[in-house]
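Structural characterization, general
Letter by letter, the chains look like this.
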Amino acid sequence: MPDSPNDALLGRRRGQRRRRLHSFRLQVMLLVGALLAGMLLAQGAYLNHRKAEIIADQMGQRALAVALSVASIPEVIAAFDTPDPSATLQPIAERIRRETGARYVVVGDRQGIRLAHPLPERLGLPMVGGDNDRALLHGESYVSEATGSLGEAIRGKTPVFDARGEIVGIVSVGFMLDRVAMDVGRYTGLSWALVALMVVLGFAGAYGLSRHLKKVILGLEPHEIARLAMEKEAILQSIHEGILAINREGRITLVNQQARRFLGLPDERQVLGEPVQEVVPNSRLLEVLERGEQQFDQQMWLGDHPVVVNRVPVRYDGQIEGAVATFRSRREIVELSQALSQASRDVDMLRAQAHEFSNKLYTIAGLLQLERVREALALIHQESAQQQARMSFLRDHVADPVLSGTLLGKLTRARELGVALEIDPDSSLGVPLTATGQEVLMSVIGNLLDNACDAALQGAAQARDENGEGARVRLFFTDLGEQLLIEVEDNGLGVPADRAATIFAEGFSTKPGKHRGIGLALVARLCRQHGGEITLEESELGGAAFTAVLDKSLCQASAPSERPPIAQGHADE
């Protein structure tokens, strides 16, 4: 029965997979084998080169030793004083040449004329090579390589001294370089054979290693493994939740970027392999290892971060091999809820403003219809004067436009809430803020004013029952000293003495409802982070007075002459 198209397609895919695996094994074998072969060949070449140098040096020293021996023979020294030195020197030189295996033993006189030579017909001719001066002129004994009448040779040369210590001749003993090469090849041939054998064994081992790697990596190609690793790393580092994993010994095996941010760790390598109890003592992952139980939506603190944690065990073949904890910031959840609530309040404020201004427009329209132009203009000027007074005060006393906008918004918000928000006329910020300073002061002043307005409204509700005054809040700020100073007072009910120590704790609040206790804790944390503090005192208005101190580095550097003039005025709502 013929194969179906699906069977043929599956067969082609299997064939392609086998070819890829075979190619991977071949690449590993060639890479490891070539690396091992290169190392062995380089080492063999170096050792054989050194061996050849040693053999050549030994040949040269042997030639020099023979030359010194010949030059010290008394018969040789005495022969230079006879009428026919060659008659005595030729037999001695030939005998020594045969006994030592040298290619030649040549004896020359003071002028370099041959007195003994393996070829008798060359007696009486000048010695060839041009390297006799060191022996004849300076009395040195040395080894040289030169080309003589018999060919290229390694030669040992030494002068012959008479009884008075004067140079009377020269002895030159030579070994031909072709013989030296034969000796070198004989000694190094075995080494090269061993190197070749090791190369073959290396390729065999590389083949076995490639087969083993193929089994270990489950048949995956290198690019597939790399892609899986990169995908895993990208997923772990990009998710918004922190991840912390440990093995069965309770040591950390994984911590992603978000977890490092929560734990305040600059580098993942500082904690990998460390016991989890030393890095995160309250992780409770060891409980998961012991009990094997899953834990979901548990609240805990990681450093200064309140988090919601899920913990699950990691099982393999029914055995617990580790545990993983994932956590997300509870503060971010609360801040998101607050942002949504603030957006809703802003919408309500804009709606109230639109309603208020529509009423004023209707009033102005009615006055115009009644032809009461003077009264209409007076109403317009009154509203414009109030707005201009606020704008003029902020322009003259606050050099930073972002902070001015924040304060203007808070003035408008307080007016809509029915709170008389006063800015102390001595308040001033003569130097613009840095980007960080703008963010910090918006958070600090905004949270303090919001809390003060809420406290003042609560106090005003009780005061109305007692025929008291309305809600009042007073703001003072300055940068004239060594630090930034912000003070917010209200005429609310104040903070009880037994709660003054915990008012800045995360999650603590005197007001009912969920998602409270964030504002003052955030202000306290920002003050600590920027070299200051926040304190609580009793206000002159009858409620609470919060004083926040911040480092002046939040302001931009500015010369004193660049500070704007502080105008006298008063802004209130």
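Calculation notes
Residues numbered from 1 in each chain as written. Predicted model: local features only at pLDDT ≥ 70, side-chain atom pairs only at ≥ 80, totals over all residues. Heavy atoms only, no water. Helix = DSSP H or I, 4+ residues; strand = E, 2+ residues; numbered from the N terminus. Buried < 20%, exposed > 50% of the residue type's maximum accessible area, 1.4 Å probe, protein only. Contact = heavy atoms within 4.5 Å. Areas by Shrake-Rupley, 256 points an atom, 1.4 Å probe, with all protein chains shown as cover. pLDDT = per-residue confidence, 0-100. Expected span 1.5 Å × (residues − 1). Polar contact = N/O pair within 3.5 Å; in protein donor to acceptor, adjacent residues only side chain to side chain. Patch = residues over 30% accessible without salt bridge, like charges linked within 9 Å, V, L, I, M, F, W, Y side chains within 5 Å. Salt bridge = Lys/Arg side-chain N within 4 Å of Asp/Glu carboxyl O. Pairing = 2+ DSSP bridges. Core = buried A, V, L, I, M, F, W, Y, C linked by side-chain atoms within 4.5 Å. 1 Å grid on protein atoms, 1.4 Å probe; cavity = no way out; pocket = protein on both sides within 12 Å on 5 of 7 lines; lining within 4 Å. Points joined across faces, edges and corners; volume = space filled by probe spheres on them. Nonpolar A, V, L, I, M, F, W, Y, C, P; charged D, E, K, R; others polar. Phe/Tyr/Trp six-rings, centres within 6.5 Å; stacked < 30°, edge-to-face > 60°. Lys NZ or Arg CZ within 6 Å of the ring centre and 35° of its normal.

Bringing the overall build of the protein chain into the picture now. Along the backbone of the protein chain there are 14 helices and 16 strands. Counting all 573 residues of the protein chain, 40% fall into the buried class. When contacts within the protein chain are restricted to residue pairs at least 6 apart in sequence, those whose partners lie at least 24 apart make up 59%. Here the protein chain has roughly 32,200 Å² of accessible surface; of this, 56% comes from carbon and sulfur atoms.

Of all residues in the protein chain, 77% have pLDDT values of 70 or greater, and the mean over the chain is 77. Every residue in residues 512-516 is under pLDDT 50, and counting partners more than four places away or in other chains gives six contacts.

For the α-helix, the turn length of 3.6 residues means that residues three or four positions removed from each other point alike. Between its first and last C-alpha, helix α6 (residues 222-238) extends 24 Å over 17 residues, near the 24 Å set by a 1.5 Å rise per residue. Among the residues of α6, those classed as buried are Glu-224, Leu-236 and Gln-237. At its buried positions, α6 is contacted by β6 (242-247), β7 (252-255) and α7 (257-263).

In this section: helix α12 (residues 401-417). In a regular helix each residue adds 1.5 Å, so 17 residues correspond to 24 Å; α12 covers 24 Å between its end C-alpha atoms and thus fits that length. Listed in full, the buried residues belonging to α12 are Leu-403, Ser-404, Thr-406, Leu-407, Lys-410, Leu-411, Thr-412, Arg-413 and Ala-414. Between a side-chain oxygen at the N-terminus of α12 and the backbone nitrogen of Val-402 the separation is 3.1 Å; the capping residue is Asp-400. Two residues or fewer after α12 comes Gly-418, characterised by a positive phi angle close to 85°.

Before going further, it helps to spend a moment on a nonpolar patch on the surface. On the surface, Leu-190, Leu-194, Leu-197, Met-198 and Leu-201 cluster together to form a nonpolar patch covering roughly 510 Å² of accessible area. Turning to its location among the elements, Leu-190 is positioned in helix α5 (residues 177-216).

A word on the pattern of salt bridges. Taken as a whole and judged by the stated rule, the model has 13 salt bridges. The partner of Arg-474 in a salt bridge is Glu-489, with the nearest N and O atoms 3.9 Å apart. Placement of the pair is Arg-474 in strand β12 (residues 472-478) and Glu-489 in strand β13 (residues 483-490), with a sequence separation of 15 residues. Judged by its relative accessible area of 8%, Glu-489 falls in the buried class. When salt bridges with common partners are traced through the structure, they connect Glu-422, Arg-472, Arg-474, Glu-489 and Glu-540 into a single cluster.

With that settled, the discussion passes to the pairing of strand β1 (residues 104-109). Taking burial as the measure, the six residues of β1 include six buried ones, the bulk of the element. Neither face of β1 is exposed, since Tyr-104, Val-106 and Gly-108 on one face and Val-105, Val-107 and Asp-109 on the opposite face are all buried. Bridging between β1 and strand β5 (residues 167-176) involves six bridges; their strand directions are antiparallel. Bridging across to β5, Gly-108 finds its partner in Ile-170.

The next thing to look at is the nonpolar core. With 44 residues, the main nonpolar core has Val-444, Leu-448, Val-473, Leu-475, Ile-486 and Leu-550 as its most contacted residues. With ten residues, helix α13 (residues 435-465) is the single largest residue contributor to this core. With residues near it in sequence (within four places) discarded, Val-444 still touches Ile-486, Val-523, Leu-526, Ala-548 and Leu-550. Counting 24 residues, the second largest nonpolar core, distinct from the first, contains Ala-63, Val-66, Phe-80 and Val-173.

Moving on to the layout of surface pockets. There is about 150 Å³ of room inside the second largest pocket. Along the walls of the second largest pocket sit ten residues, with Glu-439, Ser-443, Leu-522, Arg-525 and Leu-526 positioned nearest its centre. Of the residues assigned to the lining of the second largest pocket, the class counts are three nonpolar, four polar and three charged.

Two numbers describe a pair of aromatic rings. These are the distance of the centres and the angle of the planes. Applying the stated criterion across every chain yields a total of zero aromatic pairs. Over the aromatic face of Tyr-142 sits the side chain of Arg-134, whose NZ or CZ is 4.1 Å from the ring centroid.

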